[in-house]
Amino acid sequence: MSTKLLIRDLTLRDGQQSAFATRMNQAQVDRVLDYYKDAGFYAMEVWGGAVPDSVMRYLGENPWDRLEKIKEGVGNVSKLTALSRGRNLYGYAPYTDEIIDGFFKNAVSSGLDIMRIFDALNDVENIKSSVKSIKKYNGMADCAVCYTVDPHFTTMERIKARLKGKPLPKEVFTDSYFLNKAKEMVALGADMITIKDMSGLIPPLRVARLIDLFKKHLNVPIDFHTHCTPGYGLGSVLSAIIHGVDIVDTNIWNFAGGPAAPAIELIYVFCKKLGIQMDVNMEAVAKINNELYFIRKELEAFDAVKQFPKPFNPLTDTLPASVDKEFDNAIAAAKNNDEEGLLRACHAIEAYFNFPAPNELVKKAEIPGGMYTNMVAQLKQFNSLDIIEDAMALIPSVRLDAGLPPLVTPTSQIIGSQAVNSALAAKANREKYSNVSNQFISLVKGEYGKTPVPVDPDFRLKIAGTREEIPYDTSNYQHQPNPALPEFGDVLLAKDEKEQLLLELFPTVALNYLKGVREKEYNELNQQIAQQKKQEEVVKEPEVVITGKVIESPMPGTIWKLLVKEGDTIKRGDSVLILEAMKMENNIASEYNGTVKRIFVKEGSFVKAESVIMEIEE
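Predicted model, so just to flag it, every value in this text is computed and none were measured.

Draft legend 1. A look at the overall build of the chain. A count of helical and extended segments in the chain gives 22 helices and 18 strands. Here the chain has a C-alpha radius of gyration of 25 Å; the compact-globule value for 618 residues is 25 Å, and the two agree. With the principal axes as the frame, the chain shows a C-alpha extent of 75 × 75 × 45 Å. Looking at the chain as a whole, 55% of its 618 residues are labelled buried. Residue pairs in contact within the chain that sit at least 24 positions apart in sequence constitute 73% of those at least 6 positions apart. When the accessible surface of the chain is totalled, it reaches about 26400 Å², and 49% of it is carbon and sulfur. Averaged over its 72 positive side-chain charges, the chain has a centre that lies 3 Å from the centre of its 83 negative ones.

This is the structure we're talking about:
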């Protein structure tokens, strides 16, 4: 066990993303920066993840400004960190080395010190370019091994698969699997390794084994990241500390627990009892927490749990003897590898402070909480919430068909969405894979990288039209257009490299955001008062008389691309447009033979569920 523990504070990125849908605005961030400068965390995660998308989409703010203003506020007291997804950065398709290099050059120049780099498939090949680029610009590469679990199959399912000549795989995600991935990352040049448990599914004994293995075989610092959703978080962090982890990720009290990471205040109590030095100014942390209380009140509409923890300052508050005893019980249990006793004590501590109770559904299903939430939202759109258990039951087989990808962003969304599509197909007496998203096709085809187990060539042929794995070819990448805007004095949509990168990484969101920025600049230049152009144009139902058949939107979303034009002849089953919904691209097919008479939408338009989008004349 180490005598010193470093803390990476997640509050301003993962904390607010997990608990408040990433709605914390710049003014709210600014209110705590002076206190953060005094707190002296080893590192602060403040950027990446959903932040760049959300600050443009919902807040009308510049992502680069967010990073630069935090750097200006805290200086070099704490290392600023962010999160990115290997070659994909923040999108679904892999980017060229040119874009990756430009992104890291600008990120470091804007104040980034450490990039946590992960790949959803744990395909180390996919992180090479990012590691090379962050180190090229003197940043640190924090390479993350994504923790996941094997799907559970019944004995009968295994027997049936064996009789069909396609036996189900044995355990894939072993301790050796994770260690070997970490070794590959260190060989690439990783400056540190994170065991990244995005779902909170790693139990204390498993993390103890992994920390022991990593500390024995790796010569770089080890960080541990987890969440509290299924109830393992606090106990697993304590277990990691006792087994010598170098860094742990925490949130500050009012942004901690539940879907987020454990509270630093609880870790501080454990460290005091263990004689471990944290080197964090807890007086400054208390000041941050006081301000976070009011900020959380302001974010009430987006609060995932709406359950405040009982106020607590470990510097000034005395714990009741019974609660203090639970801290001792947890430490003793962790040292004795008594997982049941450790979790019992940690749950008692969290219950006393009114943190959310463990989510037993997520724990039992062994899937990320966000994946479950997205599946529920998708089924609600189809008025089919009654088949949620059917969709959940399909996850293991869908995941196996797709090569057993780890259930982390974005593969968790892809697998969850496909399980829903397959459940809806079964409800309508259609074939399991009669409706597949473009992302699922790309995953099966091989465009996301190497899956942990190979995809069956027959299945790939069925889904993607090829038996051979076909990696994504970045040589065919087409840059996003940067048009002149005549309505705003013929200025370019993106005025510099940073804005051009926003267009590459977030095409639809950045297009709307940058048009708004250019409009505001134009209006200010001409001293005119005008409302900022709405970011999403809601398509109204056509008021004209319709005599033909209609194609309606099955769900709310944005028209990503029109695949036909008025006058085209189409057949039943032909795709007519691509609808972007819940960050997934969905092909919308015609149910009729005929001619496209009228199209009532434009590319980039937002449509409601059941909006009429086309008229077909049979």
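Let us keep going from here.
Draft legend 2. How the structure looks around the side chain of S84. Here S84 shows up in strand β3 (residues 79-84). S84 gets classed as buried once you look at its relative accessible area, which sits at 1%. Dropping the residues within four chain positions of it, S84 is found in contact with L89, Y90, F104, M115, R116, I117 and F118.

Draft legend 3. Just the pairing of strand β16 (residues 594-599), in detail. Sheet analysis places strand β13 (residues 569-570) next to β16, joined by two bridges and oriented antiparallel. When the bridges of β16 are listed, I570 appears paired with G594.

Draft legend 4. Layout of the packing of helix α16 (residues 369-381) against helix α18 (residues 411-427). For the pair α16 and α18, the least separation of the axes is 9 Å and the interaxial angle reads 35°. The way α16 lies across α18 gives a crossing that is right-handed. Taken together, the residues of α18 that come into contact with α16 (itself represented by M371, N374, M375, Q378 and L379) are S412, Q413, I415, G416, S417, A419, V420, N421 and L424. In terms of residue class, the contact of α16 with α18 is made up of seven nonpolar, seven polar and no charged.

Draft legend 5. Spatial organisation of α18. Under the 1.5 Å per step criterion, the end-to-end length of α18 is 24 Å for 17 residues, consistent within 8% with the ideal 24 Å. In terms of burial, α18 is a largely internal element, 15 of the 17 residues being buried. Positive backbone phi, at 60°, marks N429, one or two positions downstream of α18.

Draft legend 6. Focus on unusual backbone geometry. Geometrically, the link from T409 to P410 is a cis peptide bond, its omega value of 5° lying close to zero. Summarising the element assignment, P410 is placed in the loop between α17 (388-401) and α18. One non-glycine residue, N337, lies in the positive phi region at around 55°. Following the sequence through the fold, N337 ends up in the loop between α13 (321-335) and α14 (339-352).

Draft legend 7. Broad picture of a nonpolar patch on the surface. There is a patch of nonpolar side chains on the surface, built from M156, I159 and L163 and spanning about 320 Å² of accessible area. If you trace the backbone, M156 turns up in helix α7 (residues 155-163). By relative accessible area, which is 48% here, M156 ends up partly exposed.

Draft legend 8. Geometry of the pairing of strand β6 (residues 192-196). Most of β6 sits out of view: five of its five residues are buried. The side-chain alternation of β6 yields two buried faces, one formed by M192, T194 and K196 and the other by I193 and I195. Relative to strand β7 (residues 222-225), β6 is paired through four bridges, and the arrangement is parallel. Paired with K196 across the two strands is H225, which belongs to β7. Crossover handedness for the path β6 to helix α9 (residues 204-217) to β7: right-handed.

Draft legend 9. The state of the cysteines, seen in detail. Enumeration over the complete set of coordinates arrives at zero disulfides. There is no disulfide at C271, and the cysteine sulfur nearest it, in C346, is 13 Å away.

Draft legend 10. Molecular detail of the environment of P311. With respect to the helices and strands, the residue P311 is situated in the loop between α12 (282-298) and α13. For the pair P311 and N290, spaced 21 residues apart in the sequence, the C-alpha separation amounts to 9.4 Å. Every residue in contact with P311, bar those within four places of it in the chain, is listed here: W253 and D317.

Draft legend 11. Representation of the packing of aromatic side chains within the structure. What the rule picks out here adds up to 25 aromatic pairs. Consider the rings of F173 and Y177, whose centres lie 5.1 Å apart with planes at 85°: the pair is edge-to-face. When sorted by exposure, F173 lands in the same class as Y177, which is buried. On the basis of an interplanar angle of 70° and a centroid distance of 4.8 Å, the ring pair of W253 and F355 is categorised as edge-to-face. Here W253, found in the loop between β8 (247-250) and α11 (264-274), pairs with F355, found in the loop between α14 and α15 (360-365); they are 102 residues apart in sequence, far enough to count as distant. Relative accessible area serves as the criterion here: at 6%, F355 is assigned to the buried category. Grouped by ring-pair contacts, the aromatic residues W47, W64, Y90, F103, F104 and F506 constitute a single cluster. Taking NZ or CZ as reference, R296 lies 4.3 Å from the ring centre of F308, over its face. Its end group placed over the ring of Y352, K310 keeps NZ or CZ at 3.8 Å from the ring centre.

Rules of the game
- Residues numbered from 1 in each chain as written.
- Predicted model: local features only at pLDDT ≥ 70, side-chain atom pairs only at ≥ 80, totals over all residues.
- Heavy atoms only, no water.
- Helix = DSSP H or I, 4+ residues; strand = E, 2+ residues; numbered from the N terminus.
- Rg over C-alpha atoms; globule rule 2.2 N^0.38 Å.
- Buried < 20%, exposed > 50% of the residue type's maximum accessible area, 1.4 Å probe, protein only.
- Contact = heavy atoms within 4.5 Å.
- Areas by Shrake-Rupley, 256 points an atom, 1.4 Å probe, with all protein chains shown as cover.
- Lys, Arg positive; Asp, Glu negative; His and termini not counted.
- Charge placed at Lys NZ, Arg CZ, Asp CG, Glu CD.
- Pairing = 2+ DSSP bridges.
- Axes fitted to C-alpha atoms, helices over the stretch in contact; angles between N-to-C directions.
- Left-handed = near helix turned anticlockwise from the far one by under 90°.
- Nonpolar A, V, L, I, M, F, W, Y, C, P; charged D, E, K, R; others polar.
- Expected span 1.5 Å × (residues − 1).
- Patch = residues over 30% accessible without salt bridge, like charges linked within 9 Å, V, L, I, M, F, W, Y side chains within 5 Å.
- Salt bridge = Lys/Arg side-chain N within 4 Å of Asp/Glu carboxyl O.
- Right-handed = clockwise from strand over helix to strand, strands pointing away.
- Disulfide = S-S within 2.5 Å.
- Phe/Tyr/Trp six-rings, centres within 6.5 Å; stacked < 30°, edge-to-face > 60°.
- Lys NZ or Arg CZ within 6 Å of the ring centre and 35° of its normal.

Shape descriptors only; they carry no functional weight alone.
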